[in-house]
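# Results of the structural survey
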Amino acid sequence: MVDGAPSTAPTTTVLTGRAYGHRATLEIAGDALTWRARRNKAFASTDTVAENIATTAHDIDGVRWVERRFSPGGAAHALLSVIWMISESLSFGIGTFALAAAMIAYRIARPRRWLALDVRGRWLILRVDGSSAPHARTLTSRIEQRLLTGETQDRPLALP
């Protein structure tokens, strides 16, 4: 890079979260994507193996962004508390309704977020941390736009 000249290298963004029950990352550098995760070797095994997948946004065949703000447990508790208030004890029903309201408020404040990428028939699913959610939404919209328009690469990207 020449002094004073702007850099042409893409900025790198790292999405963090969990996959396969372990910490995982998805590094985004322009159109290059690098998935790093650990998964168990066998069912109920404590041994893990590293999973490193380098691809581009143009190799993604499908993308899903799921942000779940609904608490089924909280809704069930609220329904049961109303039944208890009507049929049994008003004080017990009010107490369980307060618990239900707390469960619903917690899920609204801290939703579950998933990013799913279909890479040539294999789904990579990342439970996204709250701090990475805006970048994950941006990546999702960028890939969806590419899929809708049929955009292709001008030249192959050099992967890390």
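All of the points below concern the structure found in this document. (Residues numbered from 1 in each chain as written. Predicted model: local features only at pLDDT ≥ 70, side-chain atom pairs only at ≥ 80, totals over all residues. Heavy atoms only, no water.)

### As for the sheet that holds strand β3 (residues 32-40)
Taking strand neighbours across the sheet as the criterion, the seven strands line up as β4-β3-β2-β1-β7-β6-β5 in an open arrangement whose pairing is antiparallel. Two strands lie at the open edges of the sheet, namely β4 (48-56) and β5 (60-68), each paired on one side alone. The mean inter-strand angle of the sheet, taken between neighbouring strand axes irrespective of direction, is 30°. As judged from the eight bridges shared by strand β1 (residues 12-19) and strand β2 (residues 22-29), these two strands associate in the antiparallel manner. The residue of β2 that forms the bridge with Leu15 is Leu26. Strands β1, β2, β3, β5, β6 (112-119) and β7 (122-128) of the sheet are contacted by helix α3 (residues 133-149), whose axis makes an angle of about 140° with β5. (Pairing = 2+ DSSP bridges. Helix = DSSP H or I, 4+ residues; strand = E, 2+ residues; numbered from the N terminus. Axes fitted to C-alpha atoms, helices over the stretch in contact; angles between N-to-C directions. Contact = heavy atoms within 4.5 Å.)

### Description of the nonpolar core
Judged by nonpolar contacts, the single largest core of 20 residues is most densely connected at Leu15, Leu26, Leu115, Leu117 and Leu139. Those elements that place two or more of their residues in this core are β1, β2, β3, β5, β6, β7 and α3. (Core = buried A, V, L, I, M, F, W, Y, C linked by side-chain atoms within 4.5 Å. Buried < 20%, exposed > 50% of the residue type's maximum accessible area, 1.4 Å probe, protein only.)

### Details of unusual backbone geometry
Of note in this structure, Tyr20 is not a glycine but carries a positive phi near 60°. Take Tyr20: it is sitting in the loop between β1 and β2. Backbone geometry places Arg120, a non-glycine residue, at a positive phi of 50°. Along the polypeptide, Arg120 turns up in the loop between β6 and β7.

Without other data, these values stay purely geometric and don't point to any function.
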